[in-house]
Number of protein chains: 2
Amino acid sequence: MKEGKGKRLFINEVATRDGFQMESRFIPTDDKIALVDRLGTLGYAKIEVTSFTSAKAIPALRDGEEVMQRIVRQPGVVYTALVPNLRGAERALESRIGEFNVVMSVSETHNLSNLRMTREQSFAQLAEVIALARQAGVPVNVSLSCVFGCPMEGEVPLAGVLEWIDRFAALQVQGVTLCDTTGMAFPTQVQALCEAVMARHPGLQWTAHFHNTRGMGLANVLAAVEAGIERLDMSLGGIGGCPYAPGATGNVATEDVVHMLQCMGYDTGMDLNGLIDAASELEALVQHDLPSQVPRAGHRLTRHAPPADFNDIAARAHARRAKELNP
Amino acid sequence: MKEGKGKRLFINEVATRDGFQMESRFIPTDDKIALVDRLGTLGYAKIEVTSFTSAKAIPALRDGEEVMQRIVRQPGVVYTALVPNLRGAERALESRIGEFNVVMSVSETHNLSNLRMTREQSFAQLAEVIALARQAGVPVNVSLSCVFGCPMEGEVPLAGVLEWIDRFAALQVQGVTLCDTTGMAFPTQVQALCEAVMARHPGLQWTAHFHNTRGMGLANVLAAVEAGIERLDMSLGGIGGCPYAPGATGNVATEDVVHMLQCMGYDTGMDLNGLIDAASELEALVQHDLPSQVPRAGHRLTRHAPPADFNDIAARAHARRAKELNP
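Just so it is clear, the structure is predicted and the values come from calculations on it, not from any experiment.

1. Examining the side chain of Ser95(A)
Then step 1. With respect to the helices and strands, Ser95(A) occurs in the loop between α4 (86-94) and β4 (99-105).
Then step 2. Setting aside its immediate chain neighbours within four residues, Ser95(A) contacts Phe52(A), Glu65(A), Met68(A), Gln69(A) and Arg73(A).

Below, the structure is given as structure tokens:
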């Protein structure tokens, strides 16, 4: 385990997109905007604000344009959104988007199940979106789902993952996110894959995205960081689920990951107390308990009061001790 | 992150002691015995069966003698129990205990709050217990609470931790467990402390015991294992709480830790499917959801079925693709 030694890491928030799209309750537009505005002041490198998917496909995010238009943008923070196709790209550009996040899966079965297209169809569609982004001078990040395994196909061969990365790199995208879409990644696998892709495309901006579905989320974050990954997706409160594992938790929780990284001496640039307060606001919005743990337990050095009768306990113990020493 | 490469690790189960003592429902004696008997076949190195504390102090474990007497002991498994004092030691010896687990805290405030004695009083009492165990030829393990921090005092100085270890080593105990009693440990701290104590007392049998209170439990397990720790305490289902952080999770969950270690290539000797089945039995006994995640999500390679209309989706996508290629 490497000491952080002040190494700078860059934190991306996905709760308002990856999280809210899974919530049963529609989060009111004003509340979404207020949350993004609050998050914007907490030190994030990037916030995935919304998705320009069709309102029919993801009704929870049907207010993408309005949210994107009305948020207060902080200097230094990239406000990104998911852009699935040309229609979405046009909406995104009208909304003054800071980056396009395009998504496809390296698993054919997952891509068909989730996006209703073959991977080739997704790639062709995203290539058009990427061309439009280049024309508009907007950077593009590709989020590749299932690179650590597919819940339907099982193991995903490394060669295939590398091939899709090569094809997107050839389109001159700025960054690639390695997504553990359903929490199948484990630490040594994470380190090996991250090292392999970074060595192959050192010029790309690499991000890792983990789910805590099987409890390994924070260990996987450390494995990615040890491999040299500097950018991490995470979700406030740990919201955002995984449809293939009912009851399992979703994204790694921002406040839990930031707490750990700060304890280890990494410079995340984040305001942890601000995150804990924001998680409390988020809990009120989604109206259910959050999976994250640091808001409940506090920072590791949060002091708890001794029992109410501590002074009596101590006095009795010391009196017994005195008697033992001088019987 | 080190590959496991078949390295043997030894797993200790604490659910029936550390877990059950926190449950509001009294677990019937027959059920306790049945669970220990089931766990005995799953590959554990050690099972902490019960506690020989007074029935008044921990009513949940008032049936310690009966449980210890009636369990079926598997060869190769150490059946241990918590032994707080001479009265408990006598009960434990009558119950044919395989090891004494004695406990004190390296934090004065925590020891007073939890055990109502100063650390010196605890040490004096445990020294008597250890002497009795030596006479009886029973090995002793010392579980030291709060070695990674105290919820009331904050940081615990390393010098103090080492001094208590030295004093127990001088009494010729067989092993020491480094307990992260309230989930304050973080990975680089774990590695540093484990390396320091193992270098100082290479002849002691070292165990690490983590709580997942702030989500770092599995990362801490890896840090300990990287430092050379081969023995780990964990709790089926992740039961067993922490009174100083209400709502926070307790011990790291056996099935989640074993799943991760197996994915990474360690030899835990454990039957993971058997653990998942046992967790389901445990959930019925404690009558509440368990914090562990692998029983819900399954092994990382558990295959999930594609959507019911997958064949239609695929057929439509392929038809569109054919049309695109030959318009």
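After that view of the structure, there is still more to cover.
2. Describing the relation of the copies chain A and chain B
Then step 1. Its rotation angle being 180°, the transformation that places chain A on chain B also includes 0.0 Å of axial translation and leaves an RMSD of 0.0 Å. What the rotation and shift describe, once combined, is the action of a two-fold rotation axis. Minimal C-alpha distance to the rotation axis in chain A is attained by Ala219(A), lying at 2.3 Å.
Then step 2. Both copies present the same face, since 100% of the interface residues in chain A are matched by interface residues at the equivalent positions in chain B.

3. Re the environment of Glu94(B)
Then step 1. With respect to the helices and strands, the residue Glu94(B) is situated in helix α4 (residues 86-94).
Then step 2. Glu94(B) sits in the exposed class, given a relative accessible area of 56%.

4. Concerning the packing of helix α6 (residues 119-136) of chain A against helix α7 (residues 158-170) of chain A
All names here are of chain A.
Then step 1. Between α6 and α7, the least distance of the axes is 11 Å, while the angle of their chain directions is 25°. One element, α6, and the other, α7, form an angle in the roughly parallel class. The hand of the α6/α7 crossing is right-handed. Between α6 and α7, the residues in contact are Arg-119, Glu-120, Phe-123, Leu-126 and Ile-130 and Trp-164, Arg-167 and Phe-168, respectively.
Then step 2. Looking at the contact of α6 with α7 residue by residue, the classes come out as 5 nonpolar, no polar and 3 charged.

5. Looking at the sheet that holds strand β3 (residues 78-82) of chain A
Residues and elements named next belong to chain A.
Then step 1. Within the closed barrel, the 8 strands sit side by side as β1-β2-β3-β4-β5-β6-β7-β8. Their pairing is parallel. Between one strand and the next, the sheet's axes are offset by a mean angle of 25°, whatever the strand orientation.
Then step 2. Relative to strand β5 (residues 140-145), β4 is paired through 6 bridges, and the arrangement is parallel. In the sheet register, Ser-105 faces β5, and the bridge partner there is Ser-145.

6. Here we look at the interface of chain A and chain B
Then step 1. Counting residues at the interface gives 69 residues for chain A, matched by 69 residues for chain B.
Then step 2. Approximately 5700 Å² of surface area, both sides summed, lies buried where chain A meets chain B, with 57% of it carried by carbon and sulfur atoms.
Then step 3. On the chain A side of the interface with chain B, the three residues burying the most area are Met1(A), Arg214(A) and Arg300(A), jointly 15% of the side's total.
Then step 4. Linking chain A with chain B are 4 salt bridges, by the criterion used here.
Then step 5. On the surface where chain A and chain B come into contact, there are 28 residue pairs in polar contact (both at pLDDT 80 or more).
Then step 6. Listed by contribution, the elements that provide at least two residues to the side of chain A that touches chain B are α5 (108-115), α6, α8 (187-200), α9 (217-227), α10 (254-263), α12 (294-297) and α13 (310-325) of chain A.
Then step 7. Top element by residues in the side of chain A that touches chain B is α13(A). It accounts for 9 residues.

Definitions and cut-offs
Residues numbered from 1 in each chain as written. Chains lettered and ligands numbered in written order. Predicted model: local features only at pLDDT ≥ 70, side-chain atom pairs only at ≥ 80, totals over all residues. Heavy atoms only, no water. Helix = DSSP H or I, 4+ residues; strand = E, 2+ residues; numbered from the N terminus. Contact = heavy atoms within 4.5 Å. Least-squares fit on C-alpha atoms with pLDDT ≥ 70 in both. Buried < 20%, exposed > 50% of the residue type's maximum accessible area, 1.4 Å probe, protein only. Axes fitted to C-alpha atoms, helices over the stretch in contact; angles between N-to-C directions. Parallel < 35°, antiparallel > 145°, perpendicular 65-115°, else oblique. Left-handed = near helix turned anticlockwise from the far one by under 90°. Nonpolar A, V, L, I, M, F, W, Y, C, P; charged D, E, K, R; others polar. Pairing = 2+ DSSP bridges. Buried area = accessible area lost by both parts, 1.4 Å probe. Salt bridge = Lys/Arg side-chain N within 4 Å of Asp/Glu carboxyl O. Polar contact = N/O pair within 3.5 Å; in protein donor to acceptor, adjacent residues only side chain to side chain.

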